[in-house]
Amino acid sequence: MKIVVCVKQTPDTAATVTVEDGKVSWGDAPLVINPWDEYAVEEALRIKEQDGGSVVAISLGPEDAREALKHALAMGADEAVLISDPAFAGLDSLGVSSVLAAGVGKVADVDLVFFGRASVDSDTGITGSQVARRLGWPALTLVSKVDSLDESGGTITVERMLEEGRQQVSSSMPAVVSVVKEINEPRYPSFMGIRKASRAEIPVWTAADLGLGQPPEPALAWPEIFAPAKVETQCEFIEGDTPEEIAGKLADRLLEEKVI
Amino acid sequence: MTEDIYVYIDHFKGEALPASWEAVGAARQLASELGGKVIAVVLGESVSELAGTAIAHGADEVRIVEDPLLAEFRPEPYADALKPVAAESELLIFPTSGRTRELAAMVGVDLETGVAPDVIALEVDGGQVVATRPIYAGKLLSKIVSKGKKPFILTLRSRAFPKPEADASRSGDIVSVEAEIAAPKSEVKGYSEAEAGVSLTDAAVVVSGGRGVSNNPKLTPPADISDEKEIEIWKARQGFEEVEELAKVLGGAVGASRAAVDANYIPYSHQVGQTGKVVSPDLYIACGISGAIQHLAGMRTSKTIVAINKDADAPIFKLARFGVVGDMHEIVPALTEALRERLKG
Ligand SMILES: Cc1cc2nc3c(=O)[nH]c(=O)nc-3n(C[C@H](O)[C@H](O)[C@H](O)COP(=O)(O)OP(=O)(O)OC[C@H]3O[C@@H](n4cnc5c(N)ncnc54)[C@H](O)[C@@H]3O)c2cc1C
Ligand SMILES: Nc1ncnc2c1ncn2[C@@H]1O[C@H](COP(=O)(O)O)[C@@H](O)[C@H]1O
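These figures come from a predicted structure and were not determined experimentally.

Peer 1: Is there a simple way to think about the site of ligand 2 in this case?
Peer 2: Residue and element names in this part refer to chain A. Surrounding ligand 2, one finds 18 residues, the nearest of these being Cys6, Asp37, Ser119, Gly125 and Thr127. Between ligand 2 and Leu60, the relevant distance is 2.8 Å, taken from a nitrogen atom to a main-chain nitrogen or oxygen of the residue. In this structure, Ser122 approaches ligand 2 through a side-chain N or O atom, which is 3.5 Å from an oxygen atom. Contact with the protein chains removes 97% of the 480 Å² of surface that ligand 2 exposes when unbound. Elements supplying a minimum of two residues to the shell around ligand 2: β6 (54–60) and β8 (112–116). Taken together, the residues that form the shell around ligand 2 break down as eight nonpolar, eight polar and two charged.

Structure follows, in structure tokens:
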């Protein structure tokens, strides 16, 4: 089984994010592996541990975007590749998906590609489906469980979490899978894993390595990024001598303000 | 090419998402500024009834693709079916759901055009549609425009746009469209555990419980449970029953913090926040929830927030319109009673 995991480097979710001169800044908050992608790495590792094979983590980003890949290596991924080229700066997901699809192609003989549900910076959650479409492979998104995997028969059956309930889907492989948090509990990198990752050589693939000319130009523009207007909520504290008195007052206020 | 606005009607087994009609309403509003018609797009095996409902909600015309391959939603055959209609459009609007996120993404690739998911506001500026969407879990907002590739694809977040009233007297053309649909490589095998009750993302009221659900000192666990973790979970389940009762009185849905989900108090499908669901109800009641930034990411756009927490310094009070400093195990049942009395009849 050959598995690729796509990981992205994103600012820590606890960071204070602001706009300075029209550019997004997260101060000195650390850049980490996109939290959703840890679940993707974990699931890939579990499949490998059960069925054998190898796990390759790939990330598209600037030259110094190695933290997410190191984390994947420290968790136990066999290889990591950084995809980086000045031609790839400023892509939107249309471009990112074409580059990642080419990356999966270069890894070659891949059975499964794992994605996180969404990246916590852009919050789009569409890259997995777009890569699947480019590869012509079925997309299994929002997966909460891999029910069964038959390598020789080339099929995978998963449980997906929809608004309407849980859905079982079976699919041919190769396939693209994006995971939700319920799927597993990601392991912490071991001390040995961290040592191995810190020494690992992470190769860089450029546009030329991928045989890509210019990826699709961004189709979208972002004329303005801004902080939401601060809603000055003054909390009205409801007090009273007994829970019943407090509850009664609160209920009355909710009705008065036509909240309900 | 026309100036018409196309709206995809998302449905689950023939039942339209409320957000589908919100999207039709938003398209109507844009059409009133830009001119052009609102054209609903309905895909499925046998969905002509939905076409009529789309017209009642404000569509001028409907494009319909009916095919046995569309009986169950899978994104690939749906993208194939949508392609010919999407290719005619300049602006293609979806409601946001798990399905449409995949579908919009794939149509974006097929037509090599841009996709902006989770849009919360739309405006027209100099004849151009400008969408606003949250990024960084709502810490920032971004305006988005198309650089000219067609169509500009948007998915609108549930409850961000008003739902139009249906008017059964409206009429319009329903046009069948032929599409070439490839046999899908994946297949829906079935469903388990259909979610009972009100859908979190569509609910007008959400009552959520956090770690605080588990510490009701008045509860005595059954004698056959001795393990401490099991006792904690047992207590927490009772705590969530209080939360559920309150939600029921208000016709709302039950949410939870990640701490409650991680501790196995309640399934993940209830989690609200950055790594859970994003909700935007008229009323959000947080019970025993501290208000961590990742939780706020999933509920900060709620119209009115009520917080019940025994710590007066809990950050959730900074966002709340009404607050009670107290034990949720006393306040929540009392509030349920108080509301039941006032709302009856
Ligand atoms: C990458 C990442 C993603 C995350 N995603 C999410 C997410 O999607 N959703 C989410 O919710 N969190 C998320 N978190 C976790 C988040 O940081 C908090 O840990 C979590 O929200 C805390 O849950 P809580 O408020 O229930 O628990 P706590 O922070 O422990 O707060 C419990 C609160 O309950 C109060 N309390 C206790 N007992 C009572 C009582 N009897 N009556 C009244 N009040 C009481 C306490 O005063 C306290 O304020 C994420 C964290 C990370 C790092
Ligand atoms: N630059 C990138 N490099 C590698 N993987 C990515 C990149 N951007 C997005 N992904 C993957 O796509 C998923 C969804 O991202 P998004 O569509 O940006 O929300 C992420 O969880 C990652 O698995």
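Peer 1: So what exactly am I meant to see when it comes to the site of ligand 1 here?
Peer 2: Around ligand 1 there are 28 residues in total, and Arg211, Ser257, Thr275, Ser290 and Gln294 of chain B lie nearest to it. One chain alone does not account for the residues near ligand 1; they come from chains A and B. Here a nitrogen atom of ligand 1 sits 2.6 Å away from a polar atom, N or O, in the side chain of Thr275 of chain B. Within the contact set of ligand 1, a nitrogen atom lies 3.1 Å away from a backbone nitrogen or oxygen of Lys310 of chain B. Here ligand 1 has 990 Å² of accessible area as a free molecule, and 81% of this is covered by the chains. Elements represented by at least two residues in the shell around ligand 1 include exactly α6 (258–262), α7 (293–296) and α8 (328–343) of chain B. Its residues assigned to classes, the shell around ligand 1 shows six nonpolar, 17 polar and five charged.

Peer 1: Quick question: what am I supposed to make of the environment of Gly148 of chain B here?
Peer 2: Inspection of the secondary structure puts Gly148 of chain B in the loop between β10 (140–146) and β11 (152–156). For the pair Gly148 of chain B and Ala260 of chain B, spaced 112 residues apart in sequence, the C-alpha separation works out to 46 Å.

Peer 1: Can you walk me through the interface of chain B and chain A in this structure?
Peer 2: How big an interface is tends to be stated in terms of the accessible area lost upon association of its parts. Counting residues at the interface gives 88 residues for chain B and 82 residues for chain A. The junction of chain B with chain A conceals about 7300 Å² of combined surface from both sides, 59% of it contributed by carbon and sulfur atoms. Per-residue buried area on chain B facing chain A is highest for Tyr136, Tyr268 and Phe322 of chain B; these three make up 10% of the total on that side. Counting every contact that joins chain B to chain A gives ten salt bridges. In this structure, Glu257 of chain A and Arg321 of chain B form a salt bridge, with 3.8 Å as the shortest nitrogen-oxygen distance. In this structure, the connection of chain B to chain A is made through 41 residue pairs in polar contact (both at pLDDT 80 or more). When residues in the side of chain B that touches chain A are grouped by element, the largest group, nine residues, is from helix α4 (residues 98–110) of chain B. Relative to strand β18 (residues 322–325) of chain B, strand β15 (residues 236–237) of chain A runs parallel, the two being bridged by two bridges. Residue pairing across strands places Phe237 of chain A opposite Gly323 of chain B, the latter belonging to β18 of chain B.

Criteria and thresholds
- Along each chain, residues carry numbers from 1 onward, in the same order as the chain's sequence is written.
- Key to labels: chains lettered from A, ligands numbered from 1, both in the order written.
- In view of the model being predicted, local features appear only for residues whose pLDDT reaches at least 70, and side-chain atom pairs are presented and counted only at 80 or more, with totals across whole chains, interfaces and linings using the full set of residues.
- Heavy atoms throughout the structure, all of them, feed into the side-chain values; hydrogens and water do not.
- Note on terminology: near, applied to a residue and a molecule or strand, indicates that one of the residue's heavy atoms is within 4 Å of it.
- The term polar contact refers here to a pair of N or O atoms within 3.5 Å; inside protein, the definition further demands a hydrogen-donor-capable atom paired with an acceptor-capable atom, and it admits residues adjacent in sequence only when both atoms are side-chain atoms.
- Values of accessible area rely on a 1.4 Å probe in the Shrake-Rupley scheme; residue burial ignores everything except the protein chains shown.
- Numbering of helices and strands starts at the N terminus; helices are DSSP runs of H or I of at least 4 residues and strands are runs of E of at least 2.
- Each residue gets one label: Ala, Val, Leu, Ile, Met, Phe, Trp, Tyr, Cys and Pro are nonpolar, Asp, Glu, Lys and Arg are charged, and the others, such as Gly, are polar.
- We call two residues in contact whenever any of their non-hydrogen atoms come within 4.5 Å of each other.
- Take the accessible area each of two parts loses on contact, using a 1.4 Å probe, and add the two losses: that sum is the buried area.
- In the sections that follow, a salt bridge refers to a side-chain nitrogen of Lys or Arg positioned within 4 Å of a carboxyl oxygen of Asp or Glu.
- Pairing between strands is defined by DSSP: at least two bridges between them are needed.

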